[in-house]
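Given next are the chains, with one letter for each unit.
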Amino acid sequence: MSEAPNRWDHDVEVMIDAERIAARTRELGQEITAFYKNSPVCVISILKGSVIFAADLVRALDLPLSMEFVGISSYGNETESSGVVQITADLTRSIEGLDVLIVEDIIDTGLTMRYLLENLATRHPKSLRVCTLLHKPEGARVKVPMDWVGFTIPNAFVIGYGLDYAGLYRNLPYIGVYRGPTSED
Ligand code: PRP
């Protein structure tokens, strides 16, 4: 995993196919819809990885909702979060007094979510909840609350459905494990 991919030939082992993602997203949508019971919700999608999941999840929510986005950059190597997090794009509105649902693609070490929760809590939302598509418990360095989890996964470097390797593969319709390029140059 040391060299960035420079072409589209790739060997990926499918971990969660598109049908399973769609079915689980519908279930999460029903659970979250039932939880908020017609109350307005501000859905915050964390850039960039959660965009694909958030786009599908909100269409499974039968609720009055608004969407916001927060851009995050974390400093560290390519495959491990350092926990030193910076907001690169902030909310466009106040969340004071709102029911807020953070949507993430993956919680691994938990360091990004811990930072986000601490940061957003200072803005005094009425409630702050978390929905993550993936949870990798073996990677946990800090414990963070997770209200809805799509799939608990083993400790592999996953790509697709929003998750990248060196900026690529976010557009794969499934979650997979990157095995490298398919052939030698
Ligand atoms: C990924 C993911 C989470 C974070 C989780 O973001 O989207 O925000 O890592 O890792 P952690 O639990 O170990 O902190 P990434 O930094 O890869 O940025 P991206 O979403 O723009 O790809």
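Note that the coordinates shown come from a computational prediction; the quantities given were computed from them, not determined experimentally.

Participant: Help me understand the overall build of the protein, please; the structure alone is not making it clear to me.
Facilitator: For the protein, the count of helices and strands is three helices and nine strands. Secondary structure elements of the protein occur, N-terminal to C-terminal, as β-α-β-α-β-β-β-α-β-β-β-β. Burial analysis of the protein (185 residues in total) assigns 46% to the buried set. Across the protein, the fraction of contacts at a sequence separation of at least 24, relative to all contacts at a separation of at least 6, is 69%.

Participant: Would you take a moment to explain the sheet that holds strand 9 (residues 175-178) for this structure?
Facilitator: Paired through backbone hydrogen bonds, the strands of a sheet run either parallel or antiparallel to each other. The three strands lie next to each other as 1-9-8, forming an open sheet whose pairing is antiparallel. Both outer strands of the open sheet, strand 1 (12-16) and strand 8 (158-159), are each paired with one neighbouring strand and no more. As judged from the four bridges shared by strand 1 and strand 9, these two strands associate in the antiparallel manner. For I16, the partnering residue across the bridge sits in strand 9 and is I175.

Participant: Any chance you could explain a nonpolar patch on the surface here in plain terms?
Facilitator: Taken together, the side chains of V51, I52, M67 and F69 define a hydrophobic patch exposed on the protein surface, amounting to about 280 Å² of accessible area. The set of elements that each furnish at least two residues to the nonpolar patch consists of helix 2 (51-58) and strand 3 (65-75). As for its placement among the helices and strands, F69 is situated in strand 3. A relative accessible area of 35% places F69 in the partly exposed class.

Participant: It is not clear to me how the environment of R123 should be interpreted in this structure. Could you clarify?
Facilitator: Here R123 shows up in the loop between helix 3 (111-121) and strand 6 (127-135). For the pair R123 and S94, spaced 29 residues apart in sequence, the C-alpha separation works out to 7.4 Å.

Participant: Just checking my understanding: could you explain the pairing of strand 2 (residues 41-47) for this structure?
Facilitator: One face of the sheet, then the other: side chains in a regular strand alternate in exactly this way. With six of seven residues buried, strand 2 lies mostly within the body of the structure. Summarising the sheet, strand 2 and strand 5 (residues 99-107) pair through four bridges and their orientation is parallel. The residue bridging V43 from the neighbouring strand is L101, located in strand 5.

Conventions used here
- Residues numbered from 1 in each chain as written.
- Predicted model: local features only at pLDDT ≥ 70, side-chain atom pairs only at ≥ 80, totals over all residues.
- Heavy atoms only, no water.
- Helix = DSSP H or I, 4+ residues; strand = E, 2+ residues; numbered from the N terminus.
- Buried < 20%, exposed > 50% of the residue type's maximum accessible area, 1.4 Å probe, protein only.
- Contact = heavy atoms within 4.5 Å.
- Pairing = 2+ DSSP bridges.
- Patch = residues over 30% accessible without salt bridge, like charges linked within 9 Å, V, L, I, M, F, W, Y side chains within 5 Å.
- Areas by Shrake-Rupley, 256 points an atom, 1.4 Å probe, with all protein chains shown as cover.
- Salt bridge = Lys/Arg side-chain N within 4 Å of Asp/Glu carboxyl O.

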